[in-house]
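Listed below, chain by chain, are the residues.
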Amino acid sequence: MADDTPPSIEQIREWLAHESMSGYGLMRRCTWPGRKPAVELLYIIDSTGGEQSRKHRMSHDHYRWVTRMFWRSRRLYEAILFLLDAAQPEEAAILARSLFEDSMRLMELAEDENKRDARIIWWMNDSIQRAFNLQRGDPAFEVEDRLILSRHELEGRRAGLQRYAAYHGVTKYERFSSPKDAATRFDRKMSYSLYMWAHQATHGNDAVWGVAAVKRPEGGELLNAKTADVLWLKMVANFAIQAVFDAMIAAASVLGWAVPEEAFSKLDEYQQARDEQ
């Protein structure tokens, strides 16, 4: 079925029966190149991560953090699809920026098994430290108790993590590489250039208005609520799909999951549909 073909009643029912796809068949959407295989890739991601996480036992408890990274990537990817459908690639890029960071971390974990435990435990420790930083913030801007653990609970978690690390022979934590260094090593330089532009979108810098703002001949400018420019939609979609695919392959490598051949063929199908438009 071509991307611009209305979905059949049967297909709508199938989408609505699948919780993660609810609404995709019914919403008025912007057409962008390769949308159909990009959306179908989400089904495969759910199958890979959802079904296989129930079949495989993790060798160490800290590997559940790898599953969390992977599942966060999946959640970000679905949200990006919604924003692309809404002709908002700039906003989609904000989420794709985080998706790219997750994919780089997962690829590092898959690349070097010797440093894997030290990196995961560093990540766990860093999360605890960031929670401590919230506790130490300006008293005038208190964080709601339900959003963070108490100081006593955090101290207990950090002490427990130190014992856990010693038990697994991790005496020195290993930080993840910077996104730039990881992108260079994994040959994702084109993705990194869009990642840097996404920083502009994230912080609201003027560069984000390159397409959405149109100068009027009589003076002034028109600020569009949507960016239906196919080139921008395609660029952000490419960025997100490559990142979520990298995240899936890396997580599967770390956790011992099998990636179905359909995932590779779906990526090829997307690239072919993208290049045809």
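None of these values were measured; they are calculated from a predicted model.

Cut-off values and rules
Residue positions are counted from 1 within each chain, in the order its sequence is given. In keeping with the model being predicted, local features are shown solely for residues with a pLDDT of at least 70 and side-chain atom pairs are shown and tallied solely at 80 or more, while totals for entire chains, interfaces and linings include all residues. Derived side-chain values reflect all non-hydrogen atoms in the structure, with water molecules and hydrogen atoms excluded from consideration. Helix numbers and strand numbers start at the N terminus; a helix is a DSSP run of H or I with at least 4 residues, a strand a run of E with at least 2. By definition here, a helix of n residues has an expected span of 1.5 Å times n minus one. The classification of residues rests on relative accessible area computed with a 1.4 Å probe and restricted to protein chains. Under 20% of the type maximum is buried, over 50% is exposed, and intermediate values are partly exposed. A 3.5 Å cut-off defines polar contacts: any pair of N or O atoms within that distance qualifies, except that in protein one atom must be a possible hydrogen donor and the other a possible acceptor, and neighbouring residues in sequence count only when both atoms are side-chain atoms. The predictor rates its confidence in each residue with pLDDT, a number between 0 and 100. Throughout, a residue-residue contact means that at least one pair of heavy atoms, one from each residue, lies within 4.5 Å. Fitting a line to C-alpha atoms yields each axis, with helices limited to the stretch in contact; the angle taken between N-to-C directions then spans 0 to 180 degrees. Should an angle fall under 35 degrees it is taken as roughly parallel, and over 145 as roughly antiparallel, whereas 65 to 115 is taken as roughly perpendicular and any remaining angle as oblique. Each residue is assigned to one class: nonpolar for Ala, Val, Leu, Ile, Met, Phe, Trp, Tyr, Cys and Pro, charged for Asp, Glu, Lys and Arg, and polar for all the others, Gly among them. For this document, the term salt bridge refers to a Lys or Arg side-chain nitrogen within 4 Å of an Asp or Glu carboxyl oxygen.

J.: Teacher, can you tell me more about helix α10 (residues 230–255) here?
T.: Note that an α-helix has 3.6 residues per turn; residues three or four places apart therefore point the same way. Taking 1.5 Å of rise per residue, 26 residues should cover 38 Å, and α10 covers 37 Å from first to last C-alpha, within 8% of that figure. Of all 26 residues that make up α10, 19 are buried, and the element is covered over most of its length. One side-chain oxygen at the N-terminal end of α10 lies 3.0 Å from the backbone nitrogen of Leu231; it belongs to Asp229. Following α10 by one or two positions, Gly256 has its phi on the positive side, about 80 degrees.

J.: What is the right way to read the confidence of the model for the chain from this model?
T.: In low-pLDDT segments, the atomic positions of the prediction should not be examined closely. With 81% of its residues at a pLDDT of at least 70, the chain reaches an overall mean of 84. The low-confidence segment residues 19–27 (pLDDT under 50) makes 28 contacts with residues lying over four places distant or belonging to another chain.

J.: Could you clarify how one ought to interpret the packing of helix α4 (residues 89–111) against helix α5 (residues 116–135) in this entry?
T.: The description of two packed helices rests on the angle between their axes and on the distance between the axes. Where α4 meets α5, the axes come as close as 8 Å, and the angle between the chain directions of the two elements is 150 degrees. Looking at the two axes, α4 sits roughly antiparallel to α5. Judged by residue contacts, Arg105, Glu108, Leu109 and Ala110 of α4 engage Arg116, Arg119, Ile120 and Trp123 from α5. By residue class, the composition of the contact of α4 with α5 is four nonpolar, no polar and four charged.

J.: Is there a simple way to think about the pattern of salt bridges in this case?
T.: Between side chains of opposite charge, a pair can form when the charged atoms approach closely. Considering all chains together, one arrives at 17 salt bridges under this definition. The partner of Lys36 in a salt bridge is Glu40, with the nearest N and O atoms 2.8 Å apart. With a gap of four residues between them, Lys36 and Glu40 both fall in helix α2 (residues 35–55), about one helical turn apart. For the pair shown, Lys36 and Glu40 are each scored as buried. Notably, a salt bridge pairs Arg119 with Glu108, separated by 3.5 Å at the nearest N-O pair. In this pair, Arg119 is assigned in helix α5 and Glu108 in helix α4, connecting sequence segments eleven residues apart. Considered together, Arg119 and Glu108 belong to a single accessibility category, that of buried residues. Overlapping salt bridges bring together Lys36, Glu40, Lys266 and Glu269 as one network.

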